[in-house]
Amino acid sequence: MRQREAKLGVDGAAAPWKEQQQQRSPAGRWLDAEAAAAALGPFTPRTKRAPYCSVINVVLAAFMLTVPAMVILLGVRTSAPAVRITSADAVRRGVSGERSYDRLLGGLLADGFDERSCRSRYQSVLYRRRPGRQPSAYLVSKLRQQEALQRRCGPGTEAYSHALEQLRSGKTGGAAAASQDCKYLVSISYRGLGNRILAAASAFLYSVLTDRVLLVDPSNEMGELFCEPFPGTTWLLPPGFPLSSYTNFSISTAESYGNMLRNKVIRTDASAGPAGAGDVPAFAYVHLDHDATEQDNLFFCDEDQRVLGSIPWLVMRTDSYFVPGLFLDTGFREELARMFPEPDAAFHHVVRYLFHPNNHVWGLVTRYHDAYLAGAAHRVGIQVRVFGAQPNSPELLEQITRCTQKEGLLPELLVPAAGEDGDGDGDPVVAAAGPTRKTKAVLVTSLKSWYYERLKGMYWERAAATGEAVGVHQPSHEEFQRFGARSHDAKALAEMHLLSLTDALVTTAWSTFGYVAQGLGGLRPWVMYRPENDTHVPDPPCGRDVSMDPCFHAPPFYDCRLKRGADSGKIAPQVRHCIDMSWGLKIVRPS
């Protein structure tokens, strides 16, 4: 039953001005020039002007140029020069006033990329009203080490060519392979875009923990949708990989770690030595899909990780975010604690580091944001996931409205007085607001347009009791999921980012799409519970999630230390069960 349900489940002082000008990119210098022009604009000198006017204008212009400089000098010290958001940008992006922003996200991102080739990498912070969590210095150092490893051992290097020859020959040199410098993890990308992002993020973090080069299967648009995350190298598996059928590996593959354990091809007992029985296999397939067996899930145990650490090539298939399971391994727990002092921000940091939309997708994001979201005082994201061929549901619409109004995310509607035909627009609360009325933008993402149309009609036909002007928007409605369609995935990725730019987020239980959006935005969402019966609205309709981290849908039910079945939600203090999937695991801050 658990497996069947899991299948269905498929976010100080800045440098002096001259020094900043030298260090800053052309785009950054353009921003400063635009700021100066905006400040001086109202005081453009004329050919004939009374002397006293000139004096006043010079004083005022100097004052306007000085105030932003004082703001920068009082700003937060970051690892990269601060770049100012200009007044024009502020109006366009809904930012009040001028402020500095950290283009490298506290050192999370590496400097030196060509900004024009991937605008989202350094521009995304401009569109966020919340700065996000700051990475630890230790995490930053680990990322720089991983980048160096990717350059030293990645495609095109002598080390990579040598590793491929070993893989082709099937020989690794026995136990001595455990000490070789370059080891690899190939992450298979499949299923929906949300699943692919969660799987690659999990594989990346495992690679960092185990000093492996991450290579992502380039199929399913992973190369077309995202920019390269590592400077000076690629994260995509090049053509000509010796294991030509690796994308078809499954639970029955003989080289899976679970099957090799079951068939005693490898052993984890101490008498077998550090590399297990006999020579180390040239590769192992790690099956962490929703149908993983008990032997497959021994991946999350210390002694099994020691054996896997000796195998030079791992090929991994998963459709889940398995990072919570890594906290079950005591060998990883201390390292994870150093990397993530705020453990619930693990995915938040990884997804912002690894996944940068290409310029086409980023254009979809920025154009829609500027047209529909930037000017709103408050932005609410509602992610509606309809599973399977479920028809338009009035019950789900009621659940959305009950949740958003009960939690104060959307205003209730005015009820006309007895005998009135109107919508209550004459109410003093609304009339007093006039042209200064507060605006609220509601972003709906769904394969269906029906829910958006109903919500939009509600706030058009009736006035909000708070006097707010509520605008409801939906970028696209593809009607059904189209696996492998590039335009479909591009729109999905853009909508994940748009949801992450909202101030409050409502998501659908079990949805990996919503998980990515909340991780990108550093948002702890309100989750709409899955009803036991589709004809009833859950009571309560939604609940605030315990953390921003995604849910691991198919965790092991096993205690590695006791070597028996156990509730894995009670093994590590950083992990507990999810509110949207009772058997799932998610990372939280220990109480």
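Rules used in this analysis
Residues numbered from 1 in each chain as written. Predicted model: local features only at pLDDT ≥ 70, side-chain atom pairs only at ≥ 80, totals over all residues. Heavy atoms only, no water. UniProt positions renumbered as here; feature names shortened; annotations may be inferred. 1 Å grid on protein atoms, 1.4 Å probe; cavity = no way out; pocket = protein on both sides within 12 Å on 5 of 7 lines; lining within 4 Å. Points joined across faces, edges and corners; volume = space filled by probe spheres on them. Disulfide = S-S within 2.5 Å. Helix = DSSP H or I, 4+ residues; strand = E, 2+ residues; numbered from the N terminus. Buried < 20%, exposed > 50% of the residue type's maximum accessible area, 1.4 Å probe, protein only. Pairing = 2+ DSSP bridges. Axes fitted to C-alpha atoms, helices over the stretch in contact; angles between N-to-C directions. Contact = heavy atoms within 4.5 Å. Parallel < 35°, antiparallel > 145°, perpendicular 65-115°, else oblique. Left-handed = near helix turned anticlockwise from the far one by under 90°. Nonpolar A, V, L, I, M, F, W, Y, C, P; charged D, E, K, R; others polar.

Looking up the protein in an unreviewed UniProt entry gives the name Fucosyltransferase, with the organism given as Urochloa decumbens. Database annotation for the protein, UniProt heading Subcellular location (unreviewed entry): "Golgi apparatus, Golgi stack membrane". As its UniProt record puts it under Function (unreviewed entry), the protein is described as follows: "May be involved in cell wall biosynthesis."

Enquirer: How would you explain empty space enclosed by the protein if you had to name every residue and give the values?
Expert: If you roll a probe as big as a water molecule over the atoms, it shows you where there is empty space left. Roughly 120 Å³ of volume is contained in the largest cavity. Lining the largest cavity we find 14 residues, and of these Ser124, Arg128, Arg352, His356 and His497 sit closest to its centre.

Enquirer: Could you give an account of the state of the cysteines, naming the residues involved and the relevant values?
Expert: All chains considered together, the criterion is met by five disulfides. Covalently, Cys118 is tied to Cys227 through a disulfide, its sulfur atoms 2.1 Å apart. Given an S-S torsion of about 95°, the disulfide between Cys118 and Cys227 has right-handed geometry. Remark: Cys227 occurs in the loop between α10 (222–225) and α11 (257–262) and Cys118 occurs in the loop between β2 (100–101) and α6 (119–123); sequence separation between them is 109 residues. Each member of the pair, Cys118 as well as Cys227, carries the same accessibility label: buried. Here Cys153 is linked by a disulfide to Cys182, with a sulfur-sulfur distance of 2.0 Å. Between Cys153 and Cys182 the sulfur-sulfur dihedral comes to about -60°; the bridge is accordingly left-handed.

Enquirer: With reference to specific residues and values, describe the sheet that holds strand β4 (residues 213–216).
Expert: The parallel open sheet is built from four strands, whose spatial order is β4-β3-β6-β5. The open sheet has two edge strands, β4 and β5 (283–287), and neither has a second partner. If you compare each strand with its neighbour and ignore which way they point, the axes differ by 20° on average. Summarising the sheet, strand β3 (residues 184–187) and strand β6 (residues 313–317) pair through four bridges and their orientation is parallel. The residue bridging Ser187 from the neighbouring strand is Met316, located in β6. Here helix α7 (residues 137–153) sits on the sheet in contact with β3 and β4, set at roughly 70° to β4.

Enquirer: How would you sum up the sheet that holds strand β8 (residues 439–445)? Please name residues and give values.
Expert: Reading across from one edge, β9-β8-β7-β10-β11-β12 is the order of the six strands in this open sheet, with mixed pairing throughout. Among the strands making up the open sheet, the edge pair consists of β9 (469–473) and β12 (542–544). Across the sheet, the mean angle from the axis of one strand to that of its neighbour is 20°, orientation sign disregarded. Across three bridges, strand β10 (residues 504–508) lies against strand β11 (residues 526–528) in parallel orientation. When the sheet's bridge partners are listed, Thr508 is paired in β11 with Met528. Packing against the sheet, helix α16 (residues 359–373) makes contact with β7 (378–383), β8 and β9, and its axis sits at approximately 140° to β8. Sheet contacts for helix α21 (residues 512–521): β7, β8 and β10; angle to β10, the most-contacted strand, approximately 160°.

Enquirer: Pulling in residues and values, what's your account of the packing of helix α17 (residues 394–406) against helix α19 (residues 450–461)?
Expert: It is the contact of α17 with α19, at a shortest axis distance of 10 Å, that shows an interaxial angle of 50°. When the interaxial angle is binned, α17 and α19 end up oblique. By crossing handedness, the relation of α17 to α19 is classed as right-handed. On α19, the residues that touch Pro394, Leu396, Leu397, Ile400, Thr401 and Gln405 of α17 are Trp450, Tyr451, Arg454, Leu455, Met458 and Tyr459. In terms of residue class, the contact of α17 with α19 is built from nine nonpolar, two polar and one charged.

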